[in-house]
Amino acid sequence: MTRASSKRVAPPTTGAGVDFVQLLTPDGERVTHPDYSVDFNPDELRGLYRDLVTVRKLDAEATALQRQGELGIWASLLGQEAAQVGSGRALREQDMAFPTYREHGVLYCRGIDPIMPLGLFRGVDQGGWDPIANKFGIYTIVIGAQTLHATGYAMGVAKDGKVGGDEGEAVIAYFGDGATSQGDVNESFIFASVYNAPIVFFCQNNQYAISEPLQRQTKVPLYQRASGFGFPGVRVDGNDVLATYAVTRAALDNARHGNGPMLIEAYTYRMGAHTTSDDPTRYRVASEVEEWQAKDPVKRVRKLLEREGIGDDAFFASVDEQARKEAVALRERVLSMPDPDGAQIFDHVYPNGSPEVDEEREQFKAYHASFEGAH
Ligand SMILES: Cc1ncc(C[n+]2csc(CCOP(=O)(O)OP(=O)(O)O)c2C)c(N)n1
Ligand SMILES: [Mg+2]
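One numbering rule holds for all chains: residues counted from 1, following each sequence as written. Both sets of labels track the order of writing: A upward for chains, 1 upward for ligands. Selection of residues for local features in this predicted model requires a pLDDT of at least 70, selection of side-chain atom pairs for listing and counting requires 80 or more, and totals for whole chains, interfaces and linings are taken over all residues. Excluding hydrogens and water, the side-chain figures rest on all heavy atoms present in the structure.

**Some points on the packing of aromatic side chains**
Okay, so step 1: In summary, the pairing rule links any two rings of Phe, Tyr or Trp, Trp by its six-membered ring, whose centres are within 6.5 Å, and it sorts them by plane angle into stacked for under 30 degrees, edge-to-face for over 60 and tilted for everything else. Per the stated rule, a full pass over the model turns up 25 aromatic pairs.
Okay, so step 2: Linked through ring pairs, Phe20, Tyr208, Tyr267, Tyr269, Tyr283 and Trp292 together constitute an aromatic cluster.
Okay, so step 3: The positively charged end of Lys295 is found above the aromatic ring belonging to Trp292, 5.9 Å away from the centroid.
Okay, so step 4: By definition, being over a ring means that NZ of Lys or CZ of Arg is both within 6 Å of the ring centre and within 35 degrees of the ring normal. Its guanidinium or amino end placed over the ring of Phe316, Arg302 lies 4.0 Å from that ring's centre, counting from NZ or CZ.

**Concerning the site of ligand 1**
Okay, so step 1: By convention in this text, a residue qualifies as near a molecule or strand provided that one of its non-hydrogen atoms is within 4 Å of it. Around ligand 1 there are 15 residues in total, and Tyr101, Arg102, Ile141, Gly178 and Tyr208 lie nearest to it.
Okay, so step 2: Ile143 places a main-chain nitrogen or oxygen 3.1 Å from a nitrogen atom of ligand 1.
Okay, so step 3: Per-residue accessibility takes into account occlusion by the displayed protein chains alone, with areas from the Shrake-Rupley method and a 1.4 Å probe. The protein chains hide 71% of the 590 Å² of surface that ligand 1 would expose on its own.
Okay, so step 4: For the shell around ligand 1, the per-class residue count stands at eight nonpolar, five polar and two charged. Under this definition, polar contacts are N or O atom pairs within 3.5 Å; protein pairs additionally need one hydrogen-donor-capable and one acceptor-capable atom, and for neighbouring residues in sequence, both atoms have to be side-chain atoms. Any residue outside Ala, Val, Leu, Ile, Met, Phe, Trp, Tyr, Cys, Pro, Asp, Glu, Lys and Arg is labelled polar, Gly included; the first ten of those are nonpolar and the last four are charged.

**Some thoughts on helix α12 (residues 297-307)**
Okay, so step 1: For α12, the full list of buried residues reads Pro297, Val298, Arg300, Val301, Leu304 and Leu305. End-on view of α12: buried residues confined to an arc of 165°, all on one side of the axis.
Okay, so step 2: Buried-residue contacts for α12 involve α2 (42-67), α3 (81-90), β6 (233-237), α10 (241-256) and α13 (313-335).
Okay, so step 3: Runs of H or I in DSSP of at least four residues are treated as helices and runs of E of at least two as strands, each being numbered from the N terminus. N-cap assignment for α12: the residue whose side-chain oxygen lies 2.8 Å from the backbone N of Val298 is Asp296.
Okay, so step 4: Downstream of α12 by one or two residues, Gly309 has phi in the positive range, about 65°. Working definition: with a 1.4 Å probe on protein chains only, accessible area under 20% of the residue-type maximum means buried, over 50% means exposed, and in between means partly exposed. The reported arc concerns the directions from the helix axis to the C-beta atoms and nothing else. In this analysis, two residues are considered to be in contact whenever any of their non-hydrogen atoms come within 4.5 Å of each other.

Here you go:
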């Protein structure tokens, strides 16, 4: 790509005039949609607000830990809380999720201890948790790869006869706008479609793949891609937790009843850097970020609670305080994570070990023992 042509790329849209399913406006006003609705009682609405505030707070704490040298890197979800909480809460217990590296909010909503991925980002483990124990796959850095894992898993679910009713299992695969250009994602769409796999493809279109804007990935809205593969696609306001919940719940239920895949494009915005290694001021202007600030996913739920008189100052203060305590606890646990024995890296290469790996382990140990002061 030449410099001249890259100048012709228009900045991503801020969402104004974008056609999507919305149930809660940025001003906190409930609106209706002909195809989607959701019924939440006041306790459930307050619960969603608590989730949003908490995942934002834990994320900010992780960013701070990285800045203080306690994590090697962090991929922040700032701005994407509603997309993650809405879809995360829409999952039923039996459903299986396949995340990227940014799904800390989904992880939290699955009831998983938020410390789980921090060993990976601190570099003291390899993030190799048991996916089945939590029904939450391992964080996947290889862009798009988890959509293939998810599709294969979903095909297996169908072959095991676990679809076709309310108790059926559905699968959700998370990926980004940039990932839609990967072969893996397109191959997943084909397999899922022709095998009628019980899977929801959940694309968080946060407008960027690191520094590459959406316009570098597609000339049509991403959700419209689904029709070419033979299944429905829908775009939802990804900063609206109610709409994201409603659309994801419907898509998952559709899948668990044996009606095949759906693509959801959650239209959102990455408010922070791609990761702590990135400087977004190099490729986007402040006014764009400000426009998205007005669509903040957390503030609009607060406005709704205030508007409906179901959240007062004492409630908001207690949510902030609880989130603060969770963040402090997370920090303390990160700081006390023990450094691993480096030789552990050889332990799980093969389930029953191998002479070659044993030899490499011995070489590794001998090398480290050769340094002055080593013991
Ligand atoms: C196969 C592969 N190619 C390239 C990369 C480097 N890389 C890491 S994140 C990223 C951008 C991903 O963008 P998107 O899918 O929009 O997800 P986001 O980070 O915005 O959530 C790239 C290209 C990678 N990790 N894997
Ligand atoms: Mg992206």
